[in-house]
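Chain by chain, the residues:
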Amino acid sequence: MTLPISSLANMEFMLYGGASGNMNCPSYINGYRAGNLSSSYNPYMYSMANQNSWRPNQAQNINQGISQNTNPVSNSVGDVTKGSNIDILTDYYAKNLEPSESLASAVIMGGVSGALMMNPRYIAHPINSFKGLKDVKEMFKSVKVDGSDLNKLWKENPTVMQDAYFRMHKAASRANSKLGLFRKRYSDTEYKELKKIMQEALDSKDIQKIAEASKKLENAYISNGHIPSLFKKIRGKEVTTVAEKIADNTGIKEGAEALIKKNSMSYLSRFKHSLGGRMAILFAGVEMLMNIGKIKTAFNHDKENPNGEKLGMKQLGQTTVKAVGNTLGWAAGEAAGIWAATKLGASIGTAFGPGVGTVIGGVAGLIGGSIGMWLAGKATKSIVGEDVANKVEAKKLAQTPEGKAQLLTLVAEKAQKNEEVPQNVMFAAQNVAATLA
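Parameters at a glance
- Residues numbered from 1 in each chain as written.
- Predicted model: local features only at pLDDT ≥ 70, side-chain atom pairs only at ≥ 80, totals over all residues.
- Heavy atoms only, no water.
- Helix = DSSP H or I, 4+ residues; strand = E, 2+ residues; numbered from the N terminus.
- Buried < 20%, exposed > 50% of the residue type's maximum accessible area, 1.4 Å probe, protein only.
- Contact = heavy atoms within 4.5 Å.
- Salt bridge = Lys/Arg side-chain N within 4 Å of Asp/Glu carboxyl O.
- Phe/Tyr/Trp six-rings, centres within 6.5 Å; stacked < 30°, edge-to-face > 60°.
- Lys NZ or Arg CZ within 6 Å of the ring centre and 35° of its normal.
- 1 Å grid on protein atoms, 1.4 Å probe; cavity = no way out; pocket = protein on both sides within 12 Å on 5 of 7 lines; lining within 4 Å.
- Points joined across faces, edges and corners; volume = space filled by probe spheres on them.
- Nonpolar A, V, L, I, M, F, W, Y, C, P; charged D, E, K, R; others polar.
- pLDDT = per-residue confidence, 0-100.
- Core = buried A, V, L, I, M, F, W, Y, C linked by side-chain atoms within 4.5 Å.
- Patch = residues over 30% accessible without salt bridge, like charges linked within 9 Å, V, L, I, M, F, W, Y side chains within 5 Å.
- Areas by Shrake-Rupley, 256 points an atom, 1.4 Å probe, with all protein chains shown as cover.
- Polar contact = N/O pair within 3.5 Å; in protein donor to acceptor, adjacent residues only side chain to side chain.
- Axes fitted to C-alpha atoms, helices over the stretch in contact; angles between N-to-C directions.
- Parallel < 35°, antiparallel > 145°, perpendicular 65-115°, else oblique.
- Left-handed = near helix turned anticlockwise from the far one by under 90°.
- Expected span 1.5 Å × (residues − 1).

Across its full length, the chain carries 22 helices and 2 strands. Looking at the chain residue by residue over its 437 residues, the buried ones come to 45%. If you take every contact in the chain between residues at least 6 apart in sequence, the share linking residues at least 24 apart comes to 72%.

This paragraph deals with the pattern of salt bridges. Note that side chains of opposite charge can pair when their charged atoms are close. Within this structure, the stated rule accounts for 12 salt bridges. Residue Lys-391 is joined to Asp-91 by a salt bridge in which the shortest nitrogen-to-oxygen separation is 2.6 Å. One end of the pair, Lys-391, is in helix α20 (residues 388-397); the other, Asp-91, is in helix α3 (residues 85-95), with 300 residues separating them in the sequence. Where Lys-195 meets Asp-135, a salt bridge forms, and the shortest distance between an N and an O atom there is 3.6 Å.

Okay, the packing of aromatic side chains next. Counting across every chain of the model gives 2 aromatic pairs. The aromatic ring of Tyr-221 is capped on one face by Lys-170, whose charged end is 4.0 Å from the ring centroid. Lying across the ring of Tyr-186, Arg-174 places its NZ or CZ 4.5 Å from the centre.

Looking now at the layout of surface pockets. In this structure, the largest pocket occupies an estimated 1,600 Å³ of space. Residue lining of the largest pocket: 42 residues in total, with Met-118, Asp-163, Phe-166, Gly-361 and Gly-362 positioned closest to the centre. Contributing elements (two or more residues each) for the lining of the largest pocket: α4 (103-118), α9 (158-174), α11 (207-220), α15 (267-275), α16 (278-290), α18 (312-352) and α19 (354-384). Residue composition of the lining of the largest pocket, grouped by class: 20 nonpolar, 13 polar and 9 charged.

Take the confidence of the model for the chain next. When pLDDT is averaged along the chain, the result is 80, and 80% of the positions lie at 70 or above. Segment residues 13-24 is flagged for pLDDT under 50; beyond a separation of four residues in sequence, or across chains, it makes 38 contacts in the model.

Ranked by internal contacts, the top residues of the largest apolar core, which has 34 residues, are Phe-140, Met-161, Met-168, Tyr-186, Met-198, Leu-202 and Ile-210. Listed by contribution, the elements that provide at least two residues to this core are α7 (133-139), α8 (149-156), α9, α10 (188-204), α11, α13 (242-247) and α14 (252-261). Sorting elements by how many residues they give to this core places α9 first, with 7 residues. Ignoring anything within four residues of it in the chain, the contact list for Phe-140 reads Leu-150, Trp-154, Met-161, Ala-164, Tyr-165, Met-168, Leu-202 and Pro-354. Counting residues in each nonpolar core, the second largest holds 22 residues, with Ile-86, Leu-89, Ala-398 and Val-411 among its members.

With that settled, consider α3. Counting buried positions along α3 yields 8 of 11 residues, so the element is predominantly enclosed. Along α3, the residues classified as buried are Asn-85, Ile-86, Ile-88, Leu-89, Thr-90, Tyr-92, Tyr-93 and Ala-94. Where the residues of α3 are buried, they touch α20, α21 (401-416), β2 (421-422) and α22 (423-435).

Within the secondary structure, Lys-395 is located in helix α20. Separated by 304 residues in the primary sequence, Lys-395 and Asp-91 place their C-alpha atoms 8.7 Å from one another.

On the surface, Leu-179, Leu-181, Phe-182, Ile-227, Leu-230, Phe-231 and Ile-234 cluster together to form a nonpolar patch covering roughly 760 Å² of accessible area. Among the structural elements, Phe-231 can be located in helix α12 (residues 226-234).

With that settled, consider unusual backbone geometry. We note that Lys-205 has phi near 60 degrees; this positive angle belongs to a residue other than glycine. Among the residues examined, Lys-205 registers a relative accessible area of 45% and is labelled partly exposed.

Another aspect to go through is the side chain of Thr-342. Tracing the sequence through the fold places Thr-342 in helix α18. Accessibility expressed as a relative area gives 15% for Thr-342, which makes it buried. At a separation of 3.4 Å, a polar atom in the side chain of Thr-342 contacts the side chain of Arg-270. Ignoring sequence-local partners within four residues, the contact set of Thr-342 consists of Pro-158, Thr-159, Asn-263 and Arg-270.

For the rest of this paragraph, the subject is the packing of α16 against α18. Two quantities define a packed helix pair, namely the angle between the axes and the distance from one axis to the other. One way to put it is that α16 packs onto α18 with a least axis distance of 8 Å and a crossing angle of 160 degrees. With respect to each other, α16 and α18 are oriented roughly antiparallel. The handedness of the crossing between α16 and α18 comes out as right-handed. Contacts between α16 and α18 involve Met-279, Ala-280, Phe-283, Ala-284, Glu-287 and Met-288 on the former and, on the latter, Thr-319, Thr-320, Lys-322, Ala-323, Asn-326, Thr-327 and Trp-330.

Bringing the packing of α9 against α10 into the picture now. Relative orientation of the contacting elements α9 and α10 amounts to 160 degrees, with a least axis distance of 10 Å. Taken together, the axis directions place α9 and α10 in an arrangement best described as roughly antiparallel. Crossing geometry of α9 relative to α10 is assigned as left-handed. Along the contact surface, α9 presents Met-161, Ala-164, Met-168, Ala-171 and Ala-172, while α10 presents Tyr-191, Leu-194, Lys-195, Met-198 and Leu-202. Grouping the amino acids of the contact of α9 with α10 by side-chain chemistry returns 9 nonpolar, no polar and 1 charged.

Take α11 next. Taking 1.5 Å as the rise per residue, α11 with 14 residues should run 20 Å; its terminal C-alpha atoms sit 20 Å apart, in good agreement. Every buried residue of α11 is accounted for by Ile-207, Ile-210, Ala-211, Ala-213, Ser-214, Lys-215, Lys-216, Leu-217 and Ala-220. Packing partners of the buried residues in α11 comprise α8, α9, α10, α13 and α14.

What follows is the structure in structure tokens.
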């Protein structure tokens, strides 16, 4: 992958034949600010003497920094493409082809975004989701009452009770008006029957019956909207009704027992379950899929350079290690998140309400998995290093004026965003920019 050349950099290439080497001329590399190199009153001047890195407050004049530099980097532009300047830029570009993700963004993407992706109804029907809280809140209101039957059940079996709350909320939300493209609205009769099943289970104070009621509601949540019904009719299949699913007890008891067992699962058991789960396998596949281009680039390099270093297998190995790391990291993190949520779920649900407890229980695995994969990514990168294909791609760019402009664009964008750019990279950028003038 390569960063696109900005429209402004393209404009400069059309006007000057490349990035302007005259820093008195407004250009992308100097933040489009004209300067007078001889004036000590220019507000855009910035001394870089005795600095280890370049951290601008504005778009500073790079030439001024070069003139005051004490670092022994050549200011000559005659041998830029032969010397170290272009190598410095290609190395910097290659290292920045893979943007680093912060822990905060991993948590947000894994928790909030992941939960919304897995439950698109909150996005498609936010009003219905809000309306659905009314009935569910009434049914589970005694959970916060210390010593009540539901309070005791929640403390003893948080996983089952969270699932019961979740399934009932889905049913209550679906009882409101909707277009029904994928799932039709529950009729009054259907919803009353589902609500009756759950209410009777809660009144029984029997965790087995509550788990069975959850599975009943899960089975009844069928895709019977206009679109899936049409496809079934085209294939000559009967459209299953909600009433038929409610009456069907196949697998209900077994599913309920499996749900109850989750309350007492050890961390190791959860890890094994997560390791073979869809999310862990998905992220391993995504890593491989996103790096197919890099693998091809590395093998093409081997074909073009039969006597050079073999990079194809090395890139394949780097990608494989990262994919395995994603799988293990997600599984370890998801298991830890769910295990912790199970231990704390009883306290959270009874103290802050079943809704809060259910939400936290639902996203804990996603957040934990994302953090685990983020940590695994850091670990695998330290083991395998930067992808070798990145350097190959960067060196290809360095062979053309347009490619060099792209290398300069990255440096300029980093500088203008107030990101720290090493001093030698800024010097190299100025030298290369001058050759394109």
